[in-house]
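# Observations on the model geometry
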Amino acid sequence: MAQPPPRPGTPARDRLSFSAGGSVGPRWKSASGRDRRSRGRGLWPLGAGPLFSCGLREGRESSRSPSALVSTMACPLPLRLLLVSNSRLHGEGYLAHCEEQMRSFFGGKVKRVLFIPYALHDRDAYAKTAREKFESLGYGLDSIHESSDPVEAVRKSEAIFVGGGNTFRLLKVLYDLNLIPEIRKRVLHAGIPYMGSSAGTNIATISINTTNDMPIVYPPSLEALGFVPFNINPHYLDPDVNSTHMGETREERILQYHEEPDTPPVLG
């Protein structure tokens, strides 16, 4: 029987790569290359690695995807996803921990990246931070909030990066501006790279039901982009057995989610 993936405490750069296809459910590989199959309903541990990359191959996907999205929409090209849990690691700068993976992921063909900063209130400051990072890596960055036509900005994008912040705020703006179907088209049909960090990773999943954020605003739906057939809980921490905190642990909250019928697996 395959051993579970690395638990928290795994070195922060121990990256996980995930692939899904067919009807047997997702599989992933650890840095050692060992193949690991999902455990079905419940929590799928990601370890402490801040990111994993996904290559979702065409095939039958979970019917729990939003409106059976992946199974009903033609996906002629492999999905190109880089989903990051944290924008920062302790003692390091913005996205410094995944610069190598970003260069490899976006490659030499991408010249400009479309940044979606809607998860934070101060979009100008957020765009400045993201622009400085991407320019330091050799990529131009256009922030969608600076565009007079956000839909057209998505349609013309070479690559998309969705930053972290409040997931409810982010998803609400995407629905309000009718950007959900446009982003799906660009990623699923045009095959452009999609990078998400924290909230941007949350919205790449089936739904935002397992986000850590407070519902400071209400999107019309909790359905997200549905690029992967599971949910994610970024920043997941195992319970500290020595803690005197009496509140619910992250694991308990996710188990409560799974007490509801037809809930998909959660990576944390």
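Reference entry: report on the structure contained in this document.

Definitions and limits used
- Residues numbered from 1 in each chain as written.
- Predicted model: local features only at pLDDT ≥ 70, side-chain atom pairs only at ≥ 80, totals over all residues.
- Heavy atoms only, no water.
- Helix = DSSP H or I, 4+ residues; strand = E, 2+ residues; numbered from the N terminus.
- Buried < 20%, exposed > 50% of the residue type's maximum accessible area, 1.4 Å probe, protein only.
- Contact = heavy atoms within 4.5 Å.
- Areas by Shrake-Rupley, 256 points an atom, 1.4 Å probe, with all protein chains shown as cover.
- Salt bridge = Lys/Arg side-chain N within 4 Å of Asp/Glu carboxyl O.
- Pairing = 2+ DSSP bridges.
- Phe/Tyr/Trp six-rings, centres within 6.5 Å; stacked < 30°, edge-to-face > 60°.

## Structural notes on the overall build of the protein
Along the protein, the regular secondary structure elements total eight helices and twelve strands. In the protein, which comprises 268 residues, the share counted as buried stands at 51%. Put simply, of all contacts in the protein between residues at least 6 apart along the chain, 73% involve residues at least 24 apart. Carbon and sulfur atoms make up 50% of the accessible area of the protein, which amounts to about 12,700 Å² in all.

## Examining the pattern of salt bridges
One pass over the full model with this rule turns up eight salt bridges. As a salt-bridge pair, E182 and R155 come within 3.0 Å of each other at their nearest N and O atoms. Of this pair, E182 sits in helix α6 (residues 180-189) while R155 sits in helix α4 (residues 150-155), and the two are 27 residues apart along the sequence. By relative accessible area, R155 is classed as partly exposed at 44%. As a salt-bridge pair, E182 and K185 come within 4.0 Å of each other at their nearest N and O atoms. Taken together, the positions of E182 and K185, both in helix α6 and three residues apart, correspond to about one turn of that helix. On the basis of relative accessibility, which here comes to 44%, the residue K185 falls in the partly exposed class.

## So, the pairing of strand β6 (residues 81-84)
What you see with β6 is no split at all: L81 and L83 on one side and L82 and V84 on the other are buried throughout. Where β6 lies against strand β10 (residues 194-197), four bridges are found, and the strand directions are parallel. Bridge assignment links L83 to a residue of β10, and that residue is G196.

## Details of the packing of aromatic side chains
Inspection of every chain in the model, using the stated rule, returns seven aromatic pairs. Ring geometry for Y194 versus F227: centroids 5.4 Å apart, planes at 75 degrees, classification edge-to-face. Here F227 lies in the loop between α7 (199-202) and β11 (231-232) and Y194 lies in strand β10, a separation of 33 residues in the sequence. The class of Y194 is buried, set by a relative accessible area of 0%. Exposure remark for F227: the relative accessible area of 0% places this residue in the buried category. One aromatic cluster is present, formed by F105, F106, F115, Y126, F134, Y139 and F161 through successive ring pairs.

## Description of the environment of E100
Summarising the element assignment, E100 is placed in helix α2 (residues 99-106). A C-alpha to C-alpha distance of 9.4 Å links E100 and L137, two positions 37 residues apart in sequence.

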